[in-house]
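For reference, the chains in residue letters:
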Amino acid sequence: MINLTKRYVSQPNKLSVLTLFLFTFLHTLTIASADASPKPYTPHDNIALNCGSTTNTTDLSGRSWISDNTIYLGQSSKVSVISTSPTEGDPIPYTTALLSPSQFTFSFTVTPGPKFIRLHFHPASYRAFNRSNAFFDVHIGGYTVLSNFSAALKADDLKLEVFYSEFCIYADEEKLNILFNPNPNMPDSYAFINGIEIVSMPNNLYYPSDDDTGFKFVNQVNPYRILKNQALESLYRVNIGGSSISPTQDTGMYRSWSEDGEYVTNGRPSVLPVNLIISPSFSVIPNYSAPVPVYRTARTMGTNKTVNENYRLTWEFRVDSGFTYYVRLHFCEFQVEITELGDRVFQIYIDNIVAEHQADVVSWAGGNGVPVYRDYAVMIGRAGNEMKRNLSIALHPAPAWRTRYSDAILNGVEIFKLSNEGNLAGPNPQTIPISSPKIFVPPPRRPKYNLRTTFLTVIGVVSSFVVVSALYILIFRPKSRGEGSSSWSQLSCKDYSSMDGSGKVYSSVGNHSKDTTSVADNKC
Ligand SMILES: *[C@@H]1O[C@H](CO)[C@@H](O)[C@H](O)[C@H]1NC(C)=O
Ligand SMILES: *[C@@H]1O[C@H](CO)[C@@H](O)[C@H](O)[C@H]1NC(C)=O
Ligand SMILES: *[C@@H]1O[C@H](CO)[C@@H](O)[C@H](O)[C@H]1NC(C)=O
Ligand SMILES: *[C@@H]1O[C@H](CO)[C@@H](O)[C@H](O)[C@H]1NC(C)=O
Ligand SMILES: *[C@@H]1O[C@H](CO)[C@@H](O)[C@H](O)[C@H]1NC(C)=O
Ligand SMILES: *[C@@H]1O[C@H](CO)[C@@H](O)[C@H](O)[C@H]1NC(C)=O
């Protein structure tokens, strides 16, 4: 506490806060109009194939999907074209499908190097073809990426009408084959596909450069190194504490980023700091690593040291057991108080094992406002018959003598499944008897979403820090400490009471403020 009070002698005064506030608004306007700005990365191969379509089409985001399947489809393949539009969302590429009870192959010409391959599925009953009967294998190059795959079971499990699976492979030849093979052991089986994307990625984004020695393998002695003959499946790509980011807003690779609300463990406090005035400085990692908005939002624990030391801020992600997973954690310290080594030091647990004893983002990045990421591998073993398990990522403050603030931060997460002897395929989700016709019931909205939405709407796209500071100064005008009084603890308490991850406003909000005031009083 004494450290805390000493730190904040040079806070922005009222005028500079207001200037920042205005600047934020102006900046926001600039962002809104700058969507067509050049992307940090331009993929050399960028194929988007709308399978079964006879015309070239453009999706709602303006991306064009080409039609001519015969360039890519092997001559011997006998396929039918079927169309059924999804009831909502973008109809491209989900309206038409190529479908066959026997195997068929697409053959693409690509430049050698690492690629994203996205397979888009809309499991619908196509006339004689019952959606429940499609069970098939998919092989990309020499890898088995899906096996006895039921797109219908997966869509039902996700509670989605359409979805895509994203794989990463390192193409070392100019020919890339994608083979669809119906499972001969299942009655009336067939295979289908609605859309295929092949997009190049930068050389050392996920696949390491030749001199790279690998990264930490949690609970193992030796580091893990991804090999070029391994395939990856991207399972989760999450903008922690922020909103979802669509493929066209990515850095040029058409990745999509989701919100973290459904993964963060309920009932534990957290705050969602935002800093939209920061222009992250990509001096450590390349600017295509993740879109800028990932580094402008985060989730932290809050400022109550006692509370923070008694829990772990945790996210849980369902994965197939029996595979090794590649976890990338994105960080950027954008809160203006966190500028020096030791300001915010925390522990990172992956699958309940310590992956990092003292994560210090400022030390990794060399300063405030500089994005970094850290990679880890973790083996998720199979216990008994459990086909699925949760992979957890948890943060906890370092011991108090090691950190100025007992807090933790995370900005983004990516989780990939790593192929094992050329295989990435896992089991289908457990069959849940579903009544037909199927009714889509929107998942119940937990209050935290509402709270967060309200927060984001009210505060809008401007920095909560700046706004709350400004409000605090303008409304409360603390008398005892003069102008330079917007201390982190005060405004974060406001964050803290309203943004508790459980959606409950703390009953002790009054006490928080009171305690904070007394901290402030100690300062004088
Ligand atoms: C990304 O970084 C590269 C290399 O540093 C630079 O040439 C390029 O202009 C940057 N692009 C954007 C959109 O910031
Ligand atoms: C669709 O687009 C591709 C690639 O741009 C082009 O080669 C092809 O001729 C187009 N096909 C039609 C039917 O316009
Ligand atoms: C599709 O198959 C499922 C399960 O085999 C069956 O319950 C359903 O009635 C079938 N639907 C149609 C339209 O035939
Ligand atoms: C696994 O994580 C999900 C959220 O991703 C959660 O809903 C579920 O309760 C967790 N299951 C277990 C057994 O912890
Ligand atoms: C394919 O998956 C279904 C659904 O999970 C399962 O019931 C069936 O036994 C599997 N068939 C084979 C041949 O693996
Ligand atoms: C931190 O939380 C504890 C438990 O809720 C509470 O007793 C204490 O007053 C809080 N401290 C501060 C500084 O807000």
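Everything discussed here concerns the structure shown above.
A quick note: this is a predicted structure, and the numbers were derived from the prediction, not measured.

The rules behind the values
Residues numbered from 1 in each chain as written. Chains lettered and ligands numbered in written order. Predicted model: local features only at pLDDT ≥ 70, side-chain atom pairs only at ≥ 80, totals over all residues. Heavy atoms only, no water. Near = heavy atom within 4 Å. Polar contact = N/O pair within 3.5 Å; in protein donor to acceptor, adjacent residues only side chain to side chain. Areas by Shrake-Rupley, 256 points an atom, 1.4 Å probe, with all protein chains shown as cover. Buried < 20%, exposed > 50% of the residue type's maximum accessible area, 1.4 Å probe, protein only. Helix = DSSP H or I, 4+ residues; strand = E, 2+ residues; numbered from the N terminus. Pairing = 2+ DSSP bridges. Axes fitted to C-alpha atoms, helices over the stretch in contact; angles between N-to-C directions. Salt bridge = Lys/Arg side-chain N within 4 Å of Asp/Glu carboxyl O.

Draft legend 1. Geometry of the site of ligand 4. In the vicinity of ligand 4, the contacting residues are Glu262, Glu316 and Asn390. At a separation of 2.8 Å, an oxygen atom of ligand 4 approaches a polar backbone atom of Glu316. With respect to ligand 4, the side chain of Asn390 contributes an N or O atom lying 2.4 Å from an oxygen atom. For ligand 4, whose unbound accessible area comes to 360 Å², protein coverage reaches 39%.

Draft legend 2. Spatial organisation of the pairing of strand S5 (residues 96-100). Burial within S5 is extensive, with five of its five residues counted as buried. Burial of S5 is two-sided: the residues Thr96, Leu98 and Ser100 facing one way and the residues Ala97 and Leu99 facing the other way are all buried. By the bridge criterion, four bridges tie strand S4 (residues 80-83) to S5 in an arrangement that is antiparallel. By the bridge assignment for S5, Ser80 is matched with Leu99.

Draft legend 3. Geometry of the sheet that holds strand S12 (residues 191-193). In space, the three strands of this open sheet follow the order S4-S5-S12, with antiparallel pairing throughout. On the outer flanks of this sheet lie S4 and S12, each paired with one strand and no other. Pairs of neighbouring strands in the sheet enclose a mean axial angle of 30°, with direction left out of account. In this sheet, S12 lies alongside S5 in antiparallel orientation, the contact comprising three bridges. Within S12, the position partnered with Leu98 by the bridge is Ile193.

Draft legend 4. Spotlight on the pattern of salt bridges. All chains considered together, the criterion is met by 20 salt bridges. The salt bridge involving Lys216 is made with Glu356; its shortest N-O contact spans 3.8 Å. You can see Lys216 sitting in strand S14 (residues 216-217) and its partner Glu356 sitting in strand S20 (residues 353-360), a full 140 residues away along the chain. Judged by relative accessible area, which is 14%, Glu356 ranks as buried.

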